[in-house]
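Spelled out from the first residue to the last, the chains are:
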2 protein chains.
Amino acid sequence: MENYRFPKLIEIKQAYQRIMAYVHRTPIMTCSTIDKMAGCEIFFKCENLQKVGSFKARGATNALLKLSPSQREKGVATHSSGNHAAALALAANLCGNKAYIVMPSNSSQIKKDAVKGYGGEIIECEPGQKFREAKLEEVLRNTGASYIPPYDHMDVIEGQATCALEMWEEKIPFDALITPVGGGGLFAGTILTTHYKSKKTPVYAGEPKGADDAYQSFKSKKYIPLKNPKTIADGLLTSLGKRNFEIILALGEDIFTVTDKEIVEAMQLIFERMKLVVEPSSAVALAAILANKKVFAGKKVGLILSGGNIDWEHLPF
Amino acid sequence: MENYRFPKLIEIKQAYQRIMAYVHRTPIMTCSTIDKMAGCEIFFKCENLQKVGSFKARGATNALLKLSPSQREKGVATHSSGNHAAALALAANLCGNKAYIVMPSNSSQIKKDAVKGYGGEIIECEPGQKFREAKLEEVLRNTGASYIPPYDHMDVIEGQATCALEMWEEKIPFDALITPVGGGGLFAGTILTTHYKSKKTPVYAGEPKGADDAYQSFKSKKYIPLKNPKTIADGLLTSLGKRNFEIILALGEDIFTVTDKEIVEAMQLIFERMKLVVEPSSAVALAAILANKKVFAGKKVGLILSGGNIDWEHLPF
């Protein structure tokens, strides 16, 4: 363990002030039908309605704005093909900076178009983690840009923590909060804010059984990297971050794993009953509640719908 | 022309007071990407997030609650397999009354389940308008229930008019409003409220080319019934109501027709960019704006997303 310094409440509040002109304050929605099925009262925080369709806009914007003016002038860079890439591209665009996004050449056209549409400059590399990292190194060397990682970075975690800050500002007396967990940025941020705002309120996460490294790490209290992940929740195919793991282990309540079948069923419920488009990763938290009704019975539960970017050609239902 | 008496503003306001405990006050959402594409500022009133997933909850509830106690005791009835059936079933259920819903025997199981789930009693009949009407007559005779038609009824129009009332209460200085038109309940109600709240503001409708009886009737100033409709917008496969036509002809601004291709493209935009599930009928209004950009250029446009009940097995994209 590295004993990282965790962001304080005042820093999370400052992050919110810093990013609020660039991100949406997303609504909280409820659904009586789902409440009846779940046996508890769920408050859905709609980050699928966030800029770029994902909570990732918060962390990327915060990390970018914490750079010095001279750093920002040289731009930011990351290697990603998902929501973080789009979020960083848009954040840089809105702030008048450059974003270099390293993407494997076999990324789908739709993902490339998204990053381009938000104003990011795509640098293609061969598929594979090693090639991505090497290409990113090269970009950083050539441009002097700052690397903004997708989750294993305190400024990113601090940004994601502003989502729960908005939730607590609504004055709902949550008995529990729950998020999905992949790299752990959203889960760790939600844990931190909740720890400061209501120490007694437990924060849970849902994780796909096919990518359960956070569960394994949390239960064994030892960092276990993800191997051969396989799940429909394509936003959660990443190893937990080291910083994220320390926060989760110290202050997180529990992690529930769910099957892809449970994820798809929860996703369909949200589509049909709430009329909201969510990506499979978003449905993991609801799936976890429905599979663990006793834990949540009668409680007021704050649930973060993390994103809404889905591949329409491969809708799972 | 029958010269029907149109509901007054005070009556629409009373309707809102009457139904507000039974329906949602739906949010208004915006989307900068769609605004850029459309060249105007669109305020989407989300009736897809209404009870039963459609604005129809408003009219059905208002018509039910305007019945006398002795009438209500005998229940309400309609013949429909769509959103009005579900809306009437739920309204009756919430108010402690019975709803008899005449449905053709070949209706999909999903539609039957919806009506049953909301507490309606389904009476099956042979497919075909004549059989539906005969069976409804029989039900009314046997039960003494009151018939609540889906749109051609002033209490229903008055109820649908409460949607625009909520919109005008938001103090947005709309330059125009637009809705889809099928039977004309929502369009006529929106026209009435807007006429009272801001006489100079034009109210438009979008209609599928494959079911353009409202367009034909409006342009020729003569009621022309719908023949052999064919469109993906299954909520708009109905002839314009007579009462609705009088209101539309007297106070409506214009009707634009759009192709099914344009409807599907608009629907996909709303899914992908707004993360909202809408039925094809809902997308007709946006399709009409995108096909008539000059009319709306630079304006603030209030658009009603009428509903969100779609058949997932036949998603058009």
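Nothing here was measured: the structure is a model prediction, and the numbers come from that model.

Enquirer: How would you summarise the relation of the copies chain A and chain B if you had to cite specific residues and measurements?
Expert: Its rotation angle being 180°, the transformation that places chain A on chain B also includes 0.0 Å of axial translation and leaves an RMSD of 0.0 Å. Accordingly, the operation relating the two chain copies is best matched by a two-fold axis. Residue Leu276(A) of chain A places its C-alpha closer to the rotation axis than any other residue of that unit, at 2.5 Å. When the interface residues of chain A are mapped onto chain B, 100% of them again fall at the interface, so both copies present the same face.

Enquirer: Which residues make up the pairing of strand S3 (residues 76-79) of chain B, and what values go with them?
Expert: Put simply, side chains in a regular strand alternate between the two faces of the sheet. All names here are of chain B. The alternating pattern of S3 places Val 76 and Thr 78 on one face and Ala 77 and His 79 on the opposite face, and all of these are buried. As paired strands, S3 and strand S4 (residues 99-104) are joined by 4 bridges and run parallel to one another. When the bridges of S4 are listed, His 79 appears paired with Val 102. Following the chain from S3 across helix H5 (residues 83-94) to the adjacent parallel S4, one finds a crossover that is right-handed. Across 2 bridges, S3 lies against strand S6 (residues 146-147) in parallel orientation. Residue Val 76 lies in a different strand from S6, and its bridge partner there is Ser 146.

Enquirer: Would you mind going over the interface of chain A and chain B in detail, with residue names and values included?
Expert: In this complex, chain A contributes 17 residues to the contact, which on the side of chain B involves 17 residues. Both faces considered, chain A and chain B share a buried interface measuring about 1,400 Å² in area, 66% of it formed by carbon and sulfur atoms. For the pair chain A and chain B, the interface holds 0 salt bridges. For the interface between chain A and chain B, the tally reads 6 residue pairs in polar contact (both at pLDDT 80 or more). Looking at the side of chain A that touches chain B, the element that brings in the most residues is helix H12 (residues 260-274) of chain A, giving 4 residues. Taken together, the residues of the side of chain A that touches chain B break down into 10 nonpolar, 4 polar and 3 charged.

Enquirer: Lay out the packing of aromatic side chains in plain terms, naming residues and giving numbers.
Expert: According to the stated counting rule, one finds 12 aromatic pairs over all chains in the structure shown. Summarising the aromatic geometry, the rings of Tyr204(A) and Phe296(A) are spaced 5.2 Å apart at their centres and angled 70° between planes, so their arrangement reads as edge-to-face. Of this pair, Tyr204(A) sits in strand S8 (residues 203-208) while Phe296(A) sits in helix H14 (residues 293-296); the two residues are 92 residues apart in sequence, bridging distant segments of the chain. An identical accessibility class is assigned to Tyr204(A) and Phe296(A); each is buried. Between Trp168(B) and Phe174(B), the ring centres sit 5.2 Å apart and the planes meet at 90°, which makes this aromatic pair edge-to-face. Connected via pairs of aromatic rings, a cluster forms that spans Phe43(A), Trp168(A) and Phe174(A). Just above the ring of Tyr223(A) sits the side chain of Lys242(A); from NZ or CZ to the centre is 5.1 Å.

Rules of the game
- Residues numbered from 1 in each chain as written.
- Chains lettered and ligands numbered in written order.
- Predicted model: local features only at pLDDT ≥ 70, side-chain atom pairs only at ≥ 80, totals over all residues.
- Heavy atoms only, no water.
- Least-squares fit on C-alpha atoms with pLDDT ≥ 70 in both.
- Contact = heavy atoms within 4.5 Å.
- Buried < 20%, exposed > 50% of the residue type's maximum accessible area, 1.4 Å probe, protein only.
- Helix = DSSP H or I, 4+ residues; strand = E, 2+ residues; numbered from the N terminus.
- Pairing = 2+ DSSP bridges.
- Right-handed = clockwise from strand over helix to strand, strands pointing away.
- Buried area = accessible area lost by both parts, 1.4 Å probe.
- Salt bridge = Lys/Arg side-chain N within 4 Å of Asp/Glu carboxyl O.
- Polar contact = N/O pair within 3.5 Å; in protein donor to acceptor, adjacent residues only side chain to side chain.
- Nonpolar A, V, L, I, M, F, W, Y, C, P; charged D, E, K, R; others polar.
- Phe/Tyr/Trp six-rings, centres within 6.5 Å; stacked < 30°, edge-to-face > 60°.
- Lys NZ or Arg CZ within 6 Å of the ring centre and 35° of its normal.

The analysis is restricted to geometry; functional conclusions fall outside its scope.
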